[in-house]
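Listed below are the residues making up each chain.
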Amino acid sequence: MGETVSVRPVYRRRTPHSRLEAHMTIATFMIIQLLVVSILISIGYWVIRRYRQARADREDLMGLYDRIFQNSYNSMMLVRPTDGRIVDANDAAARYYGYPAEKLRQMSVIELNTMPSDRHIALMQEMGRAERQTYDFEQRRADGRVESVEATISPVHYRGEDLLFAVLRDLSDQHERE
């Protein structure tokens, strides 16, 4: 019983090789971190470039639409199908109807059409569900004359809103010939 056992802590001696391994592991980790951050930054720049290009392309298309719409010899309108409000009308439509373009944009197609308003609104809502339809209407001009118009109507989504795109053609000459 009287024996004492002496316990001495065992210290692991670090060799230069193990220190080198530790430094290499830390360096490797830092290099990997740097690569990951570089890749993420590159992806971020790529996404930003693509977004800017897509936005520029969209603005070009909107500009093209505006030029085609405004410079066309055909009367064109964008109409809200829920209430018939004229959201936009080109200069050709303003000349045809005899109203200044700004006045026309404050009007409803119900004011121009000779059809009863409730029937016209129901028809516009039906137009919003169809792909493309052509209709004949009797339209009232600013001077009070009523003339026949052929309207080719297509539903469109424009600037966040579901609208009807109408291309109008005067049929009064055709009716006179018949």
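For the structure, check the block above.
Report on the accompanying structure. Keep in mind that what you see is a predicted model, and the values were worked out from it rather than measured.

1. A look at the overall build of the protein chain
Each helix and strand in the protein chain was counted, giving six helices and five strands. Listing each helix as α and each strand as β along the protein chain from the N terminus yields α-β-β-α-α-α-α-β-β-β-α. Here the protein chain holds 178 residues, and 28% of them are scored as buried. In the protein chain, once contacts between residues fewer than 6 apart in sequence are set aside, the share between residues at least 24 apart is 40%.

2. A closer look at a nonpolar patch on the surface
Taken together, Ile31, Ile32, Leu35, Val36, Ile39, Leu40, Ile43, Trp46 and Val47 make up a surface patch of nonpolar side chains, about 880 Å² in accessible area. Note on placement: leucine 40 falls in helix 1 (residues 16-71). You can call leucine 40 exposed: its relative accessible area is 54%.

3. A few points about the pattern of salt bridges
Considering all chains together, one arrives at eight salt bridges under this definition. In this structure, the salt-bridge partner of arginine 80 is aspartate 83, at a minimum N-O distance of 3.7 Å.

4. Re unusual backbone geometry
For arginine 159, which is not glycine, the phi dihedral falls at a positive 50°. The class for arginine 159 is exposed, based on a relative accessible area of 59%.

5. Description of empty space enclosed by the protein
In this structure the tally under the stated criterion is one cavity of 30 Å³ or more. Val109, Phe137, Ile153, Ala166 and Leu168 are the residues nearest the centre of the largest cavity, which is lined by 17 residues in total. When its residues are assigned to classes, the lining of the largest cavity shows 14 nonpolar, three polar and no charged.

6. Considerations on helix 5 (residues 117-129)
For helix 5, with 13 residues, the first-to-last C-alpha span of 19 Å sits near the 18 Å given by 1.5 Å per residue. When we look at burial in helix 5, the residues that qualify are His120, Leu123, Met124 and Met127. All buried residues of helix 5 fall inside an arc of 105° around its axis, so they share one side. Away from its buried face, by an angle of more than 90 degrees, helix 5 presents the exposed residues Asp118 and Arg129. Against the buried residues of helix 5 lie strand 1 (75-79), helix 4 (109-112), strand 3 (133-140), strand 4 (146-158) and strand 5 (161-170).

7. Considering the side chain of aspartate 88
With respect to the helices and strands, the residue aspartate 88 is situated in strand 2 (residues 86-89). By relative accessible area, aspartate 88 is classed as buried at 15%. A polar contact of 2.8 Å, which involves the side chain of aspartate 88, links it to the side chain of arginine 105. Sequence-distant contacts of aspartate 88, that is, excluding residues within four places in its chain, are made with Phe69, Gln70, Met76, Met77, Leu78 and Arg105.

Parameters at a glance
- Residues numbered from 1 in each chain as written.
- Predicted model: local features only at pLDDT ≥ 70, side-chain atom pairs only at ≥ 80, totals over all residues.
- Heavy atoms only, no water.
- Helix = DSSP H or I, 4+ residues; strand = E, 2+ residues; numbered from the N terminus.
- Buried < 20%, exposed > 50% of the residue type's maximum accessible area, 1.4 Å probe, protein only.
- Contact = heavy atoms within 4.5 Å.
- Patch = residues over 30% accessible without salt bridge, like charges linked within 9 Å, V, L, I, M, F, W, Y side chains within 5 Å.
- Areas by Shrake-Rupley, 256 points an atom, 1.4 Å probe, with all protein chains shown as cover.
- Salt bridge = Lys/Arg side-chain N within 4 Å of Asp/Glu carboxyl O.
- 1 Å grid on protein atoms, 1.4 Å probe; cavity = no way out; pocket = protein on both sides within 12 Å on 5 of 7 lines; lining within 4 Å.
- Points joined across faces, edges and corners; volume = space filled by probe spheres on them.
- Nonpolar A, V, L, I, M, F, W, Y, C, P; charged D, E, K, R; others polar.
- Expected span 1.5 Å × (residues − 1).
- Arc of directions from axis to C-beta.
- Polar contact = N/O pair within 3.5 Å; in protein donor to acceptor, adjacent residues only side chain to side chain.

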